[in-house]
Every structure is written in structure tokens, then in C-alpha cells.
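Here's the letter readout for the chains.
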Amino acid sequence: MRSILIILTLSISLFGNAQKAEPPFWWADMEEPELEIMIYAPHIANNDVSLAASDISLLGAYKTSNPNYLFVSLNISKAKAQNFEIILTNNGETIKIPYELKQRESDSKNRIGFNSTDAMYLITPDRFANGDNSNDNITGYTDKLDRINDYGRHGGDLAGISQHIDYLSDMGFTAIWLSPVLENNMPKASYHGYAITDFYKVDPRFGTNEEYIDLIKKANAKGVKVIMDQILNHCGKFHWWMSDLPDSTWISGTNKNHVKTNHRHSLSLDPYASKSDYEKFKEGWFVDDMPDMNLANSHVLKYLTQNSIWWIEYSGISGIRMDTYPYSDLESLDKWSCDIMNEYPNLNIVGEEW
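Residues numbered from 1 in each chain as written. Predicted model: local features only at pLDDT ≥ 70, side-chain atom pairs only at ≥ 80, totals over all residues. Heavy atoms only, no water.

A. Looking closely at the packing of helix 3 (residues 209-221) against helix 5 (residues 298-315). Running from N to C, helix 3 and helix 5 cross one another at 60°; their axes reach a closest spacing of 10 Å. The orientation of helix 3 relative to helix 5 falls into the category oblique. Residues N209, E210, Y212, I213 and I216 of helix 3 touch helix 5, and the partners they reach there are W310, W311, Y314 and S315. Looking at the contact of helix 3 with helix 5 residue by residue, the classes come out as six nonpolar, two polar and one charged. (Axes fitted to C-alpha atoms, helices over the stretch in contact; angles between N-to-C directions. Helix = DSSP H or I, 4+ residues; strand = E, 2+ residues; numbered from the N terminus. Parallel < 35°, antiparallel > 145°, perpendicular 65-115°, else oblique. Contact = heavy atoms within 4.5 Å. Nonpolar A, V, L, I, M, F, W, Y, C, P; charged D, E, K, R; others polar.)

Structure, rendered in C-alpha cells:
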């Protein structure tokens, strides 16, 4: 059976970490009945797990090679929208982790995606329009505004796009594809968005999650769909988990010991390709700042599938453009796309390929 993945980082004195839940909430009445929660905190694997919910059942709790992670599998097939608690017990101490299942919007499953009748406009948000000067430079983000530098940030943001929806609609476009808008807290060259450091947070130099939703609603009201650019193949080198990976096989190689991909796209469809060449293409890092995600690890695939579904349900996007599509494990890509189409059979997905 398929699972759904959540990451929780606990703000509890026993663990001493700031609270972080990925995703921050989920929904009742989804097609997938299993929910797998990945809990992260020092020595969390030593805890026993129970639930405070009558219509949610605990299927199991599983350890990884890293004792700071614990995978908790739940069955939510009969669960109603609610707030519930995951209870951790260790040496007589009890910790209660709150979590929320929201109610899905009516007819969410049957949402219609973009299709061949749409005229699509591609936008690199940082290079389009600066609608909010206050977010040009953000404390804690080292890549600052630098319009003179080709690889610097130029200040474009979601507000700038939102202010130009009429302009885009008047030109006849019915869909806009934004290059990634999620956090890229990289030291330099972060403007393009393809080195994600937080899969559930819009980069604050573009705006907020709420501004992203508002942009989509405004575009939809003008008959313009929004397509989200997502990435399964890699993350950014400064993603939070890179300092304490969930599992020894979470990524391909390590920061100090890895190979770069050979970028030979044809290998994925060549029946005569050598195994070593294909593995280097699939498992090599795209660049040194973009660690290759190991989709053959079932927890990695669940995490990223969960993330894709979360953004569809949460934001109301009209489809996904998947970056570096052939670089990932083909069987994993097949499962990812089937899981999404199981939830949204009328959505559309396209994968990058030359």
C-alpha cells in the first residue's frame, strides 16, 4: 500500500528543536488511506508511539539508519477532519505532538488541469517585475539584490506577477508557468529557484505562501491557470536535512564524495546503454550545489509525492511541470505520477526533456 509522508521537528524541551512539520497539515477524504509520518528529533527512535484519535489507527513505527528519525505509519481511511495527537513515550516522559486533518474543498478530486488548448507564458519570477521592494533583501538570506550581476537576484516577485495578470490575460495567455518559487537559501545564484532548501515554503524574497495562493486565485479569476515547476531529482546543498540526513541512502553520495551526472539524456531510453553510464546519468549530482535525491529509497519518494499532492490541494495549481524528469529513477517517476493521478485524474503533468 502507498503511504503519505510528513516530517515533524519538535519544539519540546526533551528534544530541544524548533517545531517544524512537513507538511504542516493534511486532509481527510483523500484517496490514499495510509499516512506515514517522519518524526525528526535527537534519539527519537527510542520512543514508543500511540495515538489520541478513535478513527485513526497506528499501523507501525519504523526506524532508519539515523536514530534521530522515526517513521510512523497511520491508517486515515476512516478519519474525519480533526485535530489529533501523536503521543511519544520514553522512560516515563510523554510528549504530545498536535496535527491537523483538514476538510477537502468540495469536488477537489475533479479539478481540471491545463491542456493543449491553453496558450502558456513562461515566467522566471526574479526577472519579471518587482512589485514589492520590501522583500528585495531578507535577513538570514545571503544572496542579496544585485541587478548588475547576471547571476544575482534582480528583485522580481509574486507581487510583480500579480500586478500584471491583466497584462498577461490581455495578450491572450490562458496559463502561466512559473519557474520554482520555493525557498532557495543558497549563498549565490539562487534566483532561478532550482536548488530548493525548503519544499513547503515560498522563498520570502518572492513573497509568502499566502501571496502565492492569492496570485493563483487572481489569475484563475481572469481565466489564467498557474502551473507549478517542481523538482524530484535534487534539492539544494543547504537544505535543512543535509546536516543530518534521514537515512544513509537519502541522497546519492555525500557532500564530499559524489559524482556529477553526465547529462546524457538518451541513456534513459537506450536499450544498449551501459549500466555504468546510465547509473552516472541517473545518480550523479546535477551540479555540486544540487544533491541528487535517491527516489529508490521509498521514504524519499513518499516525501516528494506528498509534497506534490500538498501543493495541488493547498494552492489550487492547475498542473505540474517536473524539472529534470529523465534524470530520476523511471519506476519511481511512474509511481509518483500514478499516485498524483489517483488523487486528481483530470490534472496534467509534463516532464522536462530535450
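Next comes the rest of the account.
B. Focus on the nonpolar core. Judged by nonpolar contacts, the single largest core of 84 residues is most densely connected at Y212 and W241. Broken down by element, the residue count for this core peaks at nine residues, all from helix 5. (Core = buried A, V, L, I, M, F, W, Y, C linked by side-chain atoms within 4.5 Å. Buried < 20%, exposed > 50% of the residue type's maximum accessible area, 1.4 Å probe, protein only.)

C. Spotlight on helix 4 (residues 275-283). Taken as a whole, helix 4 has its buried residues at Y278, F281 and K282. Down the axis of helix 4, the sector holding all buried residues measures 90°, keeping them to one side. Tucked into the core, helix 4 has its buried residues touching helix 6 (330-343). (Arc of directions from axis to C-beta.)

D. Seen up close, the sheet that holds strand 11 (residues 175-178). Spatially, 10-11-14-15-16 is the arrangement adopted by the five strands of the open sheet, whose pairing is parallel. At either margin of the open sheet sits one strand with a lone partner, and together these are strand 10 (120-123) and strand 16 (349-351). On average, each strand axis in the sheet is inclined to that of its neighbour by 25°, with strand direction left out of account. Helix-sheet contacts for helix 3 involve strand 11 and strand 14 (225-231), and the interaxial angle to strand 14 is about 140°. The strands touched by helix 6 are strand 14, strand 15 (320-323) and strand 16; relative to strand 16, the strand with the most contacts, the crossing angle is about 165°. (Pairing = 2+ DSSP bridges.)

E. Inspection of empty space enclosed by the protein at higher detail. Evaluation of the coordinates by the stated rule reveals four cavities of 30 Å³ or more. Considered as a void within the structure, the second largest cavity measures approximately 50 Å³ in volume. What lines the second largest cavity is simply L182, I196, F199, D229, Q230, I231, L232, L304, N307 and S308. Listed by contribution, the elements that provide at least two residues to the lining of the second largest cavity are strand 14 and helix 5. (1 Å grid on protein atoms, 1.4 Å probe; cavity = no way out; pocket = protein on both sides within 12 Å on 5 of 7 lines; lining within 4 Å. Points joined across faces, edges and corners; volume = space filled by probe spheres on them.)

F. Representation of the side chain of N66. Considering the arrangement of structural elements, one finds N66 in the loop between strand 6 (57-63) and strand 7 (69-75). Residues in contact with N66, not counting those within four places in the same chain, are D244, L245 and P246.

G. The arrangement of the sheet that holds strand 8 (residues 82-90) in detail. The sheet built from four strands is open, its strands ordered 3-9-8-5 with mixed pairing. Here the strands that pair on one side only, and so sit at the sheet edges, are strand 3 (26-28) and strand 5 (48-52). Put simply, the sheet's adjacent strands are angled 40° from each other on average, direction ignored. Taken together, the nine bridges between strand 8 and strand 9 (residues 93-103) define a ladder with antiparallel strand orientation. Counterpart to I87 in the pairing with strand 9 is K96.

H. Expanded view of the packing of aromatic side chains. All told, the structure shown has 24 aromatic pairs when counted by the stated rule. Ring geometry for Y200 versus W310: centroids 5.0 Å apart, planes at 80°, classification edge-to-face. Placement of Y200 in strand 13 (residues 198-202) and of W310 in helix 5 is noted, with a sequence separation of 110 residues between them. The pair Y200 / W310 is uniform in exposure class, with both members buried. Between W250 and Y303, the aromatic rings sit 6.5 Å apart at their centres with planes inclined by 65°, giving edge-to-face as the arrangement. Of this pair, W250 sits in the loop between strand 14 and helix 4 while Y303 sits in helix 5, and the two are 53 residues apart along the sequence. Geometry around F25 places K102 over its ring, the cationic atom sitting 4.7 Å from the centre. (Phe/Tyr/Trp six-rings, centres within 6.5 Å; stacked < 30°, edge-to-face > 60°. Lys NZ or Arg CZ within 6 Å of the ring centre and 35° of its normal.)

I. Just the packing of helix 5 against helix 6, in detail. Where helix 5 meets helix 6, the axes come as close as 10 Å, and the angle between the chain directions of the two elements is 35°. Pair helix 5 / helix 6 crosses with right-handed handedness. Here L301, L304, T305, S308, I309 and I312 of helix 5 lie close against helix 6, whose contacting residues are S332, K335, W336, D339, I340 and E343. In terms of residue class, the contact of helix 5 with helix 6 is made up of six nonpolar, three polar and three charged. (Left-handed = near helix turned anticlockwise from the far one by under 90°.)

J. A look at the layout of surface pockets. One number sums up the size of the largest pocket: a volume of about 270 Å³. Together, 15 residues line the largest pocket, and E105, R111, E313, Y314 and G316 are the ones closest to its centre. Every element with two or more residues in the lining of the largest pocket is listed here: helix 3 and helix 5. Ranked by residue count, the leading element in the lining of the largest pocket is helix 5, at three residues. Residue composition of the lining of the largest pocket, by class: four nonpolar, five polar and six charged.

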